[in-house]
Amino acid sequence: MNIGIIGAGQLGRMLALAGYPLGQRFVFVDLDADAPGAQVGRIIPGRFDDPAALARLAEAVDLVTFDVENVPQAAAEAIAAKVPFFPPPAALGAGQDRLTEKALFAELGIPTAPHAAVDSQAGLEAAARQVGLPAILKTRRLGYDGRGQLRLQAAADLDGAFAALGGVPAILEGFVPFERELSLVAVRSRNGETACWPLAENTHEHGILRQTRAPWDDPQLQALAERHLRALLDRFDYVGVLTVEFFLLEGRLLANEMAPRVHNSGHWTIEGAVTSQFENHVRALLGLPLGSTAAVGHAGMVNFIGRLPALEDVLAIEGTHYHDYGKAARPNRKLGHCTVVRASAAERDEALRRLEALA
Ligand code: AMP
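Values in this document were obtained by computation on a predicted structure and should not be read as measured data. (Residues numbered from 1 in each chain as written. Predicted model: local features only at pLDDT ≥ 70, side-chain atom pairs only at ≥ 80, totals over all residues. Heavy atoms only, no water.)

1. Focus: the pattern of salt bridges
Here is step 1: Scanning all chains against the criterion turns up 17 salt bridges.
Here is step 2: The closest approach of N and O atoms between Arg230 and Glu226, which form a salt bridge, is 3.1 Å. Taken together, the residues Arg230 and Glu226, both in helix 8 (residues 219–236) and 4 residues apart, mark about one turn of the helix.
Here is step 3: For Arg230, a relative accessible area of 30% translates into the label partly exposed.
Here is step 4: When the shortest N-O distance is used, the salt bridge between Glu350 and Arg353 registers 3.4 Å. Residue Glu350 and its partner Arg353 are located together in helix 12 (residues 345–358), separated by 3 residues, close to a single helical turn. (Salt bridge = Lys/Arg side-chain N within 4 Å of Asp/Glu carboxyl O. Helix = DSSP H or I, 4+ residues; strand = E, 2+ residues; numbered from the N terminus. Buried < 20%, exposed > 50% of the residue type's maximum accessible area, 1.4 Å probe, protein only.)

Given below as structure tokens:
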């Protein structure tokens with residue numbers, strides 16, 4: 001089969017790398033002819049909402065998926081009218097607006113942080129009275145990796161904050177004093193089969209994922225998170241990989257956001273699980289049997305942000321896997337990652353300490 005991917009970033013590249021052994025071929029749409037996907041497939045040049053480029057993609061392939069979340073839902077629906085498009089455009093749209101996303105979580109009984117819509121400075125002040133401070137003001141749309149966010153500690157911080165965020169529709173979220181951030185990656189195949197990987201624990205720096213450790217072994221939380229993910233998968237008759245990021249607070253899971261795609265916090269599954277999120281996404285698109293999502297040890301993943309450490313230094317740590325996305329270095333840009341898998345959590349954490357010193 002020929003599989004089309006909108007966006008040729010590292011996620012698209014890793015999807016293609018997982019799909020090639022299964023005999024699949026990949027074509028991307030991306031503005032950047034040197035995007036990571038160009039190393040492993042043909043690129044049709046164009047923006048993610050360029051109707052001509054997307055129409056060319058739909059003609060060239062048997063089905064279409066995406067590695068970026070900002071494909072407009074209408075553009076996705078136009079493709080879905082021509083060729084199978086997964087995950088479903090409705091799920092893509094639901095994750096694009098933080099307010100409707102939270103309404104969806106509420107409808108499905110998935111707890112979130114307290115929040116309120118903000119459409120003006122006066123609205124912000126009312127929202128702060130409702131939600132309380134400290135809080136985080138986030139744009140409703142097009143925010144990621146901590147961009148489009150302002151932390152508001154005290155009443156004085158409210159002054160001018162709505163304009164500072166661009167004067168666009170926003171949401172005020174109560175600050176969650178979380179103990180941990182956990183994420184669950186799940187997959188549903190075209191034939192309805194579902195599977196979830198073990199929970200992963202994530203740490204962020206400046207809003208960007210820095211490190212993941214998995215499995216996070218807590219059977220009760222795992223069951224709870226799986227219940228939430230399955231509710232979402234059912235809701236959309238979902239096909240492909242879906243990720244939800246949670247805050248853990250006093251034994252409760254509060255959903256922060258969902259990503260209707262393979263996710264950075266699931267990169268550990270390439271070497272740390274029987275079947276990776278990338279391979280299972282491809283299997284799901286094709287209606288193939290899903291592979292086991294069981295962990296094969298204790299995995300740790302470190303993102304390389306802004307600069308890549310020397311390959312030889314990383315590989316000198318036994319059992320480390322290096323992923324260089326082939327991107328030009330820029331501050332705050334995810335350029336690559338590495339993964340270690342060890343027999344025990346303590347050994348994994350020791351290797352992570354050495355990797356962190358390099359990253
Ligand atoms: P987001 O873009 O919503 O994923 O936010 C990026 C990161 O900011 C999260 O992974 C958290 O570390 C932090 N963060 C976001 N929202 C909240 C919140 N309501 N309370 C506390 N921390 C948050």
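There is more to say after this.
2. What about the domain arrangement of the chain?
Here is step 1: Parsing the chain into structural domains produces domain 1 (2–85), domain 2 (114–174) and domain 3 (180–358).
Here is step 2: Averaged C-alpha coordinates put domain 1 and domain 3 at centres separated by 22 Å.
Here is step 3: Facing the 19 residues of domain 1 at the interface are 21 residues of domain 3.
Here is step 4: Carbon and sulfur atoms supply 69% of the area that domain 1 and domain 3 bury against each other, a total of about 1,800 Å² over both sides. (Domains from an automatic or database assignment. Contact = heavy atoms within 4.5 Å. Buried area = accessible area lost by both parts, 1.4 Å probe.)

3. Topic: the packing of helix 5 (residues 98–107) against helix 8
Here is step 1: One can describe the packing of helix 5 onto helix 8 by two numbers: an axis separation of 10 Å at closest approach and a directional angle of 105°. Considering the angle they form, helix 5 stands roughly perpendicular to helix 8. The residues of helix 8 that touch helix 5, namely those facing Leu104, Phe105 and Glu107, are Leu232, Arg235 and Phe236. (Axes fitted to C-alpha atoms, helices over the stretch in contact; angles between N-to-C directions. Parallel < 35°, antiparallel > 145°, perpendicular 65-115°, else oblique.)

4. Considerations on the environment of Asp49
Here is step 1: Following the sequence through the fold, Asp49 ends up in the loop between strand 3 (42–45) and helix 2 (51–60).
Here is step 2: For Asp49, a relative accessible area of 32% gives the class partly exposed.
Here is step 3: Residues Asp49 and Leu92 lie 43 residues apart in sequence; the distance between their C-alpha atoms is 14 Å.
Here is step 4: Leaving out residues up to four positions away in the same chain, Asp49 has contacts with Leu54 and Pro72.
Here is step 5: Polar side-chain contacts of Asp49 include one of 3.0 Å to the side chain of Arg47. (Polar contact = N/O pair within 3.5 Å; in protein donor to acceptor, adjacent residues only side chain to side chain.)

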